[in-house]
Amino acid sequence: MPTTSVLKRVLTPAAIIRLVLGWGGFLVLTLAGGALDGDLSTPVLFTVLGLIVAVILASATGVVTEAEHLAEKLGDPYGTLVLTLSIVLIEVILISAVMLGPGEHATIARDSVMAVSMIILNLVVGLALLVGALKHTNMRPNKTGVSTYLSLLVVLVTVAFALPALIGSEGAYLPAQAIPIIGLTVVLYAFFLVRQMGAQRGDFQEVVVASAGSGSGTGSQPAGTTAQTAEPGNQLSDALANHKPELVARSLLLVAMVVPIVLLSHDMASLLDDGLDRLGAPVALSGILIAMIVFLPETITAIRAALAGEIQRVSNLCHGALVSTVGLTIPAVLTIGLLTGQTVTLGEGPTNLLLLGVSLLLTMTTFSGRRVTALHGAAHLFVFVLYGITVFQ
């Protein structure tokens, strides 16, 4: 494919606008310089903060869009993995910016990852199941794949939120505890990726539902089987052979949209800290806002997948994203804490641990049935509302 044609396909007007917004926003903040370091009035502070968040959202949406295009070319599981890791990268950047910014933020990682957990397990999954099941009456998840995600999540969230409250110091791991936790978490996550992209690849593919006589199913495979695609090695080689110029161009564009997020996140963190302090808002609200900013684009993607009847893709996007979030964010923030000498408080209180346990149990019961329904979605949304109530108590 000629280079000019590839650039026209990749550098769409929307992509150019997002690039201009991201880099333009950074340039404006750089030129403003000391003006933002002064004592801004509350209206001005929230106006500037709102504009920065809007630019970060635009850039994040661009990152997800490019990741979706890469996913389409690479196919699953590589495609979903690119999308998931892009989202997690943005989250780690924002959390790190807050941790390294002014003020004390010992609980920002805990609050952010907890918020992500509740948003994904209940809000995003709940909405996806509700709208998807109202349109499709026979959405069947791949039980082995969902079970694999849940097995990892039970272990990872225990290590992240429960264990430090029991063996750590005031909810924070001691350095001698943090180092093996980092290593074990990274090894477990790496082993998960190897299995997901290799021997257990079929566990994360859509279940083919045959619809006898109606013509709405594929009709070419028995009900309950998984869709079969090319071998992982051949699939990746074919994608590189057929779409290499576009894959390279989109990867570079994705990086070009991530960098402004990195550059803007420092200013967002300091203004957010000041703004919430003026409002007297709960400390956890900072982490919740970061989680909402990061996962808004993926929420839209998951709902689109549900409307298309792709329930296993919803699980891959949501549960896979949460495995990646906990499996990568926790080691990253613990490493930052060790290198900078900062305290990283991860231990959660009984209320959030209860809600997290209920969310995991609810997820298990939802996806262990023969099919998922709108009532399952309503139950997940109920739990998310309960979580929202507890934040302001």
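Residues numbered from 1 in each chain as written. Predicted model: local features only at pLDDT ≥ 70, side-chain atom pairs only at ≥ 80, totals over all residues. Heavy atoms only, no water.

This brings us to the overall build of the protein chain. Of the regular secondary structure elements, the protein chain holds 12 helices and two strands. Secondary structure elements of the protein chain occur, N-terminal to C-terminal, as α-α-α-α-α-α-α-β-β-α-α-α-α-α. Sequence separation of 24 or more characterises 82% of the internal contacts of the protein chain that already satisfy a separation of 6 or more. (Helix = DSSP H or I, 4+ residues; strand = E, 2+ residues; numbered from the N terminus. Contact = heavy atoms within 4.5 Å.)

Moving on: the nonpolar core. The biggest cluster of nonpolar side chains holds 109 residues, and the ones touching the most others in it are Leu94, Met268 and Leu334. Take this core: its biggest share by element is 15 residues, from helix α5 (residues 108-135). In contact with Leu94, not counting residues within four places along its chain, are Ile56, Ile261, Ser265, Met268, Ile290, Ile293 and Val294. (Core = buried A, V, L, I, M, F, W, Y, C linked by side-chain atoms within 4.5 Å. Buried < 20%, exposed > 50% of the residue type's maximum accessible area, 1.4 Å probe, protein only.)

What follows covers helix α9 (residues 284-307). Look at α9: 32 Å from first C-alpha to last across 24 residues, which is about the 34 Å you get at 1.5 Å a residue. Most pronounced at Phe295, the bend in α9 amounts to some 45°, and the proline Pro297 follows within four residues. Among the residues trailing α9, Gly309 stands out with phi positive, at a value near 80°. (Expected span 1.5 Å × (residues − 1). Bend = angle between axes of the 7 residues up to and from the residue.)

Before going further, it helps to examine the packing of aromatic side chains. Enumeration over the complete set of coordinates arrives at six aromatic pairs. For the pair Trp23 and Phe26, a centre-to-centre distance of 6.4 Å together with 85° between the ring planes defines the contact as edge-to-face. Of this pair, Trp23 and Phe26 both sit in helix α2 (residues 13-32), separated by three residues, roughly a single helical turn. Under the relative-accessibility criterion, Phe26 is labelled partly exposed at 27%. Ring centres of Tyr189 and Phe192 lie 5.9 Å apart, and the angle between their planes is 40°; on these two criteria the pair is classed as tilted. Here Tyr189 pairs with Phe192, and both are found in helix α7 (residues 175-197), just three residues apart, close to one helical turn. Note on Phe192: relative accessible area 6%, which makes it buried. Taken together, the ring pairs connect Tyr149, Tyr189, Phe192 and Phe204 into an aromatic cluster. (Phe/Tyr/Trp six-rings, centres within 6.5 Å; stacked < 30°, edge-to-face > 60°.)

What follows covers the side chain of His380. By the element assignment, His380 lies in helix α12 (residues 374-391). Residue classification places His380 among the buried residues on the basis of a relative accessible area of 0%. At 2.9 Å, the side chain of His380 forms a polar contact with the backbone oxygen of Leu121. If we ignore the near neighbours within four places in the chain, the residues touching His380 are Leu121, Asn122, Val125, Gly126, Leu129, Leu362, Thr363 and Thr366. (Polar contact = N/O pair within 3.5 Å; in protein donor to acceptor, adjacent residues only side chain to side chain.)

Across the protein chain, the average pLDDT comes to 83, with 88% of residues at or above 70. Per-residue pLDDT, averaged within each element of the protein chain, yields its smallest value for strand β2 (residues 225-226) (57) and its largest for helix α11 (residues 350-367) (95). The low-confidence segment residues 212-222, where pLDDT is below 50, has 11 contacts with residues more than four positions distant or belonging to other chains. (pLDDT = per-residue confidence, 0-100.)

Where α7 meets helix α10 (residues 311-340), the closest approach of the two axes is 9 Å, and the angle between their N-to-C directions is 150°. In terms of orientation, α7 and α10 fall into the roughly antiparallel class. For the crossing formed where α7 meets α10, the hand is left-handed. Contacts between α7 and α10 involve Pro175, Ala178, Ile179, Ile181, Ile182, Thr185, Val186, Tyr189 and Phe192 on the former and, on the latter, Val323, Ser324, Val326, Gly327, Leu328, Pro331, Leu334, Thr335 and Leu338. Partitioning the contact of α7 with α10 into residue classes produces 14 nonpolar, four polar and no charged. (Axes fitted to C-alpha atoms, helices over the stretch in contact; angles between N-to-C directions. Parallel < 35°, antiparallel > 145°, perpendicular 65-115°, else oblique. Left-handed = near helix turned anticlockwise from the far one by under 90°. Nonpolar A, V, L, I, M, F, W, Y, C, P; charged D, E, K, R; others polar.)

In this structure, Thr363 sits in helix α11. Taking relative accessible area as the criterion, Thr363 reaches 0% and is therefore assigned buried. For the pair Thr363 and His376, spaced 13 residues apart in the sequence, the C-alpha separation amounts to 9.0 Å. Apart from the residues within four sequence positions on either side, Thr363 is in contact with Leu121, Leu150, His319 and His380.

We now examine the environment of Arg278. Relative to the assigned elements, Arg278 resides in helix α8 (residues 232-279). Given a relative accessible area of 30%, Arg278 falls into the partly exposed group. Considering only alpha carbons, one finds Arg278 and Thr42, 236 residues apart in sequence, at a separation of 8.0 Å. With sequence-adjacent residues up to four places away left out, Arg278 is seen in contact with Asp39, Leu40, Ser41, Thr42 and Leu45. A polar contact is formed between the side chain of Arg278 and the side chain of Thr42, at a distance of 3.1 Å.

In a structure, side chains of opposite charge can pair up when their charged atoms sit close to one another. The tally for this structure, following the rule as stated, stands at five salt bridges. For Glu66, the salt bridge identified is with Arg250, shortest N-O distance 2.8 Å. Taken together, the positions of Glu66 in helix α3 (residues 42-74) and Arg250 in helix α8 put the pair 184 residues apart, joining distant regions of the chain. As far as burial versus exposure is concerned, Glu66 and Arg250 are alike and both buried. Close ionic contact of Arg110 with Glu348 constitutes a salt bridge, the shortest N to O distance being 3.9 Å. (Salt bridge = Lys/Arg side-chain N within 4 Å of Asp/Glu carboxyl O.)

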